[in-house]
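Spelled out from the first residue to the last, the chains are:
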Amino acid sequence: MAAQRVVEVPKAAKQTSRVRVAVRLRPYMVKQDDKGEGACVRGLDSQTLEIINWRNATETLQYQFDAFHDEQATQQEVFLSSVKPILPHILKGQNASVFAYGPTGAGKTHTMLGGPEQPGVIPRAVREVFNLVKAKEKEDNAWDYSISMSYLEIYNEKVLDLLCPSAQDLPIREDKDRNILIPGLTNTPLTSFSDFHTQFLPASLNRTTASTKLNQRSSRSHAVLLIKVVRTQRAVQQRVQTGKLYLVDLAGSEDNRRTGNKGIRLKESGAINLSLFTLSKVVDALSTGGGGSGRVPYRDSKLTRLLQDSLGGSAHSVMITNIAPEYTYYFDTYTALNFAAKSKQVINKPFVRETVTTPSVQVAVKRSREEQEAVGSGEPQKKRLNVRKKTDPEEPIAPAQLHSSTDPSVLSRLMALEKLLMGTPVKERLKLHREIQELKEKQKEFESNAKTLEVSGNATTGKVTDSRLAGDSPLFRMHLPPLQRKQTTAARSKKQQAVVSPLHVVQLCPVVKKPPTCPKKEKLQVHSELPDGKENVTAVGWESHLDKLVLDQSKHKILQVLNLGTLKDLKGLQQIGDKKAKLILGWREIHGSFTQLEDLTQIEGITTKRLSSFIKANILSTMGT
């Protein structure tokens, strides 16, 4: 079912657009159905589906959405019916958003990314944006278009850049117009779809994925692709419209009892479920009317903060809910359908993001307004006359000063034309631009006439002015010494009395250094004489007291415990608690055995300083035993 376009209404009435919800059913997989119970959900038509009631197996619950895609639906059908209708809004300066929601293993990433033979929503949507821009450029040459992209992921409540990967957590900010911004996020310009393809594929490999019992390649983060389209009008009065397209692939909610998550996987699952729980609270608040008066918890999670424009904001939003038919996923499917039903009640208020700049006309009119005020009030001229009379009452006034270089009628006409330009269509603006050019020529004539009058006036009074500038006036012939402030002898004496020699302070109050109270932390010093007779002092640590063979054997024993030890064995090491022991097991599960003790610095919370303290504590404890 095609999305409903928002009909343009007068500015007094606000436009509204409901979040459109489409449900896609994944094909039935025998591997996921151990008991052979069959499917728990099925479609009735293109908009309605039913699921078995878990309270009474003889009853079914029906849901109706904007679109329902069954197991036979292709990627092209999903894109054409649910995503393509909202894309033209981007070229009008409005925002659009498409995000996939559902449990893990339901097919969200397949819907958004797809494969080489069956591309998903993201490549199809970007290709369609380029096609729309090309069609607009052929129809109307009055606009210039530019397209750019940004790609990020939210992993463990950290916003990470996928185009330029780094460990830096990017902040999420909001400007004065309540637009969500991410300072430091890479924004890459695009010229064609092939350019996007070369940028997007390597960035997609940077996304965090892992294997679980339910999904061999499970997304461990929320991925957000931002496509920005900026169009600028080719006119004196430049109009700039900015439209953004958010394409979001959410990580799936997980039941850790079925996924078998441990260690790092368990921590990732907790962060995913927490952000999705906050997303459900936001939808609950918006669907019950809380967006008008009550608090909407956008700031409780980085995901909801980023989707603030998509849910209850100013974007045309489409949510594709992916569900699985097996009974193993029954409660996940049931929860996803209820969430989709509430999301259908969320109302957005899209508007056009446009800025207008008129550099040439604004500068001319601003200057003309100032001159018109000067002519109308007469105060600046009176002030100038009074100043000239005070400096030299006998000096004649140039006639050019009594005439203004502008004409009030021309200025008033220029201001009237500026107001007309703001509300006239493109075709009628050509006539107004011609009239503005004629008025500017008249303005130049008035300025040239004023200059001729000024030159003729200076011809009569040029001697007086030149003589004053040259310094021939009696006022400038006086050779007086420059004024200088003399210092009194009393001030000098006071300053000299206030100076105290530091040598007397040292002699009266000698500083006595106390010996260190903690001899354990004091390092040994080895003194060696240099050829020049100077001493070379070098610090030697605690390792110098031990035999090198004993030291290597102790480090080897610690490395064996790290690679082969159980959770209890790891907790038996010095400075290793339950949390760090689990992180070590998770790291070992992903990367394999530790090759050296310095690899511990790759684990969260273990710095080089803590590593040296850990090695020292464990070696000394083994030697003490």
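The model shown is predicted, which means the values in this text are computed figures rather than measured ones.

### Quick word on the sheet that holds strand 5 (residues 60-64)
So, step 1. Ordered by their spatial adjacency, 3 strands build an open sheet running 3-4-5, and the pairing between neighbours is antiparallel. At either margin of the open sheet sits one strand with a lone partner, and together these are strand 3 (41-43) and strand 5. Put simply, the sheet's adjacent strands are angled 20 degrees from each other on average, direction ignored.
So, step 2. Along the sheet face, helix 8 (residues 330-343) touches strand 4 (48-52) and strand 5 and points at about 140 degrees away from the line of strand 4.

### Topic: unusual backbone geometry
So, step 1. For E157, which is not glycine, the phi dihedral falls at a positive 60 degrees.
So, step 2. You can see E157 is positioned in the loop between strand 8 (143-155) and strand 9 (158-161).
So, step 3. Residue E157 is classed as partly exposed on the basis of its relative accessible area of 26%.
So, step 4. Even without being glycine, Q575 reaches a positive phi, approximately 65 degrees.
So, step 5. Summarising the element assignment, Q575 is placed in the loop between helix 17 (567-571) and helix 18 (578-591).
So, step 6. Judged by its relative accessible area of 44%, Q575 is partly exposed.

### Comments concerning the pattern of salt bridges
So, step 1. Inspection of the entire model under this criterion finds 15 salt bridges.
So, step 2. Between E174 and R305 there is a salt bridge whose closest N-O contact spans 3.3 Å. Residue E174 is located in strand 10 (residues 173-174), and its partner R305 is located in helix 7 (residues 302-306); the two are separated by 131 residues in the primary sequence.
So, step 3. Salt-bridge contacts for K571 lead to D578; the nearest nitrogen and oxygen are separated by 3.6 Å.
So, step 4. Taking the relative accessible area as the measure of exposure, K571 reaches 41% and is therefore partly exposed.
So, step 5. Take D578: its relative accessible area is 36%, and that puts it in the partly exposed class.
So, step 6. Salt bridges sharing partners connect three or more residues here, namely E174, R299 and R305.

### Some details on the packing of aromatic side chains
So, step 1. Taken as a whole and assessed by the stated rule, the structure comprises 10 aromatic pairs.
So, step 2. Measuring from ring centre to ring centre gives 5.0 Å for Y151 and F200, while their planes differ by 35 degrees; the resulting arrangement is tilted. Of this pair, Y151 sits in strand 8 while F200 is found in helix 4 (residues 193-205), placing the two residues 49 residues apart along the sequence. Residue Y151 shares its accessibility class with F200, and that shared class is buried.
So, step 3. What links up through ring pairs into an aromatic cluster is the set W54, Y327, Y330, F331 and Y334.
So, step 4. When the ring centre of F193 is taken as origin, the NZ or CZ atom of R127, which lies over that ring, is 3.9 Å away.

### Here we look at the side chain of N322
So, step 1. Position of N322 among the secondary structure elements: in strand 17 (residues 315-323).
So, step 2. A distance of 2.9 Å separates the side chain of N322 from the side chain of T111, its partner in a polar contact.
So, step 3. When sequence neighbours within four positions are dropped, the list of residues in contact with N322 reads R24, A100, Y101, G102, P103, A106, G107, K108 and T111.

### A look at the environment of Q241
So, step 1. You can see Q241 is positioned in strand 16 (residues 238-249).
So, step 2. For Q241, a relative accessible area of 4% corresponds to the buried category.
So, step 3. Separated by 147 residues in sequence, Q241 and Q94 place their C-alpha atoms 8.2 Å apart.
So, step 4. In terms of polar contacts, Q241 uses its side chain to reach the side chain of R231, at 2.8 Å.
So, step 5. Among the polar contacts listed, one links the side chain of Q241 to the side chain of E354, at a separation of 2.8 Å.

### What to know about helix 1 (residues 75-83)
So, step 1. Among the residues of helix 1, Q75, V78, F79, S81, S82 and V83 are the ones counted as buried.
So, step 2. Against the buried residues of helix 1 lie strand 2 (20-25), strand 6 (67-69), strand 7 (95-101), helix 2 (108-112), helix 3 (121-139) and strand 17.

What counts and what doesn't
Residues numbered from 1 in each chain as written. Predicted model: local features only at pLDDT ≥ 70, side-chain atom pairs only at ≥ 80, totals over all residues. Heavy atoms only, no water. Pairing = 2+ DSSP bridges. Helix = DSSP H or I, 4+ residues; strand = E, 2+ residues; numbered from the N terminus. Axes fitted to C-alpha atoms, helices over the stretch in contact; angles between N-to-C directions. Contact = heavy atoms within 4.5 Å. Buried < 20%, exposed > 50% of the residue type's maximum accessible area, 1.4 Å probe, protein only. Salt bridge = Lys/Arg side-chain N within 4 Å of Asp/Glu carboxyl O. Phe/Tyr/Trp six-rings, centres within 6.5 Å; stacked < 30°, edge-to-face > 60°. Lys NZ or Arg CZ within 6 Å of the ring centre and 35° of its normal. Polar contact = N/O pair within 3.5 Å; in protein donor to acceptor, adjacent residues only side chain to side chain.

That is the geometry; function is a separate question.
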